[in-house]
Every structure is written in C-alpha cells, then in structure tokens.
Amino acid sequence: MTRYEQNLDVDALVAIDMHVHVEIDDHGHASLPDDLVAAASKYFAADASRPDLDSIAAHYRERRMAAVVFTVDAETRLGHSPISSAEIADGAARHNDVLIPFGSVDPNRADAVDRARRLIEDSGVRGFKFHPTVQGFDPSDSVHFPLYEVLQNAGVVALFHTGQTGIGAGLPGGRGMRLALSNPMLLDDVAAEHPELQIIMAHPSVPWQDEALSVATHKHNTWIDLSGWSPKYFPDALVRAANSYLKSRVLFGSDYPLLTPDRWRRDADATERFKPEVLPGILKDNAARLLGLAD
C-alpha cells in the first residue's frame, strides 16, 4: 500500500469538506450491518447512494473541493468487520489532490493504540474519527487517554460525533446504543487532559448545543463542524457563535453521502445565515489551518 502524502492545491479549492463517510469498500463490504443501514435510511427518509472512494473523489474534484474521508470501526459493539482505514488511506493516496484520509480504531480493542500508531506511521492518516454512541465507549474515561496521547504526539486530529444520531433509531431499544455517550461535555475532559490535541465536535450537537459551545469557548483546542444538518435547521445559538466568537474554529462539513455538499451550500446561500465575511473561513480557511495546509 502507498503511504498518503497530500498534493492539494489549496488556493484552487472552493471548500474543504471535513466530514465525508466511506460506506462501502472496493470489495462491496459495507461499513454497517444491513439492519442499521435500513433503519438509518428510514430515519432520514432517504436511501442515499453509497459511492466508493473513487466515486467520492470524482464528486469532489468536479466541485473543486477537498474531502476528509473516513469510516467508523465499531467491530466490538456491532460484531461487524469494519472497512479498512489502511485501504481508505491507500485510495486517498491515489486521489491526493482532493482526498484527505482519517483513520478509525475501535477504542474497545486491546490493541487500539498500536493500530492507531500504524495508521499514522504506515498509512499517513491525518486524523481519526470516533463515534462514541456507535462504538459504545465513554470518551472521557481515562482508559482511552493513551490512545489520545498517540494522536496528540503525532499532531493528528480527533473528530468525535456529538449529539443525536440516526444510527439505530427506530430499532428496539435503539439497538442498545446510548445517546449520552455523545454529549460533547464528555470531551471537555479530553481537551483538558490533552491540551495540544485538536478535537472536532461533529455536527450541531442537539440536544446539547449549549454544552458544545461552552466547551469550544473554554477549550481553544476544540472545533465544531457543521455536518449532518441543512444550515436552515441549525440552532440559532450555533449560528451566532459561527458568525462571531467562534468564527475561527467552525468548519464546513456535509456528512456525504447522506447530505451532499451541494445541498449544504445551496441552503446556506438561500438562508443567508452566515455573514459573507465569515464564510471563507468556514468553507476552507479554518480547515486548512487546522490540517496544516495553510501557508
């Protein structure tokens, strides 16, 4: 496999999408079990396509955007083998003009630290995606701190799902998944104990938006991405923060393929909720700075 090295022309990009899911691999293996895929489609009232990595690259190249791509390794909790993060990084290396790979490791694995280290050193991933509710772990538990220390020492990003999730919604008992594990206040401990680790709180964190804003206001190693929701539905408090005191740490993200970058941008333009002077930062400049792409 080829180690990823980015080859982005940042000046030529119109945006960097910080939140893009790879839901099927080159072998046809899906990232989630069939029952969760079906339940999520019903919850979101849409049966979104599941493009492979080459198709994702083509989609973003056509739009002059870059995309951060990842999967979620939740094998311990789901009993379903994950898509390989090493293969995602290898595919991103083929499309290093538009793709930026993040890895994923199940924090409940005994060898999670070693897996993370290999993905950083051998595959060149630039961050890691965590989904506490789907992976079934409390991110504030100190048992996971050695994993975060590997990320912090390597200078890569930790992206955490926060807030409500459609994964498991409508299934008996939500398939046993616990929403409280994705309360962004749990990340306050992580940010406090790892002050050099850059942490992204993904999505409008409903029903804990105020908690996310509180953490981001107090801990300047935390960021918020705006993925998973149309801008017309963003909580007012989040929009106010993005337009003012958090404007340098708010990031564009779509949640593709569930929500497309076209839909996000169309709704953002139509609603005019963001000030024109802050949009360049949200769409690209903040992400470029976070990922070390800015000059």
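The preceding data block contains the structure.
What comes next concerns the included structure. (Residues numbered from 1 in each chain as written. Predicted model: local features only at pLDDT ≥ 70, side-chain atom pairs only at ≥ 80, totals over all residues. Heavy atoms only, no water.)

**Quick word on the layout of surface pockets**
Rule in force here: Definitions used throughout: a 1 Å grid over protein atoms alone; a cavity as a set of points that fits a 1.4 Å probe which cannot get out; a pocket as an open set with protein on both sides within 12 Å along at least five of seven lines; a lining residue as one with an atom within 4 Å of a point. Grid points are joined across faces, edges and corners, and a volume is the space filled by probe spheres set on the points. Under the DSSP-based scheme used, a helix requires at least four consecutive residues in state H or I and a strand at least two consecutive residues in state E, with every element numbered from the N terminus.
Taken as a whole, the second largest pocket spans an internal volume of roughly 220 Å³. Among the secondary structure elements, those contributing two or more residues to the lining of the second largest pocket are α4 (85–94) and α5 (112–123). Ranked by residue count, the leading element in the lining of the second largest pocket is α5, at five residues.

**A closer look at the side chain of Asp25**
Rule in force here: For the exposure calls, accessible area comes from a 1.4 Å probe over protein chains only, and a residue counts as buried if that area is under 20% of its type's maximum, exposed if over 50%, partly exposed in between. His is not counted here, nor are the chain ends, while Lys and Arg score as positive and Asp and Glu score as negative. Definition used for salt bridges: Asp or Glu carboxyl oxygen within 4 Å of a side-chain nitrogen of Lys or Arg. The definition of a polar contact used here is a pair of N or O atoms within 3.5 Å, where within protein one atom must be able to donate a hydrogen and the other to accept one, and adjacent residues in sequence count solely through side-chain atom pairs.
Tracing the backbone shows Asp25 in the loop between β1 (15–21) and α1 (34–43). Despite its burial, Asp25 pairs with no opposite charge; the closest candidate is Arg50, at 9.6 Å N-O. A distance of 2.8 Å separates the side chain of Asp25 from the backbone nitrogen of His27, its partner in a polar contact.

**Description of the pattern of salt bridges**
For the structure on display, the rule yields 14 salt bridges. The salt bridge partner of Glu62 is Arg63, with a shortest N-O separation of 3.5 Å. Residue class for Arg63 comes out partly exposed when judged on its relative accessible area of 22%. Across the pair Lys219 and Asp188 runs a salt bridge whose closest N-O atoms are separated by 2.7 Å. In this pair, Lys219 sits in the loop between α9 (209–218) and β7 (222–225) while Asp188 sits in helix α8 (residues 186–193), placing the two residues 31 residues apart along the sequence. Each of the two residues, Lys219 as well as Asp188, counts as buried.

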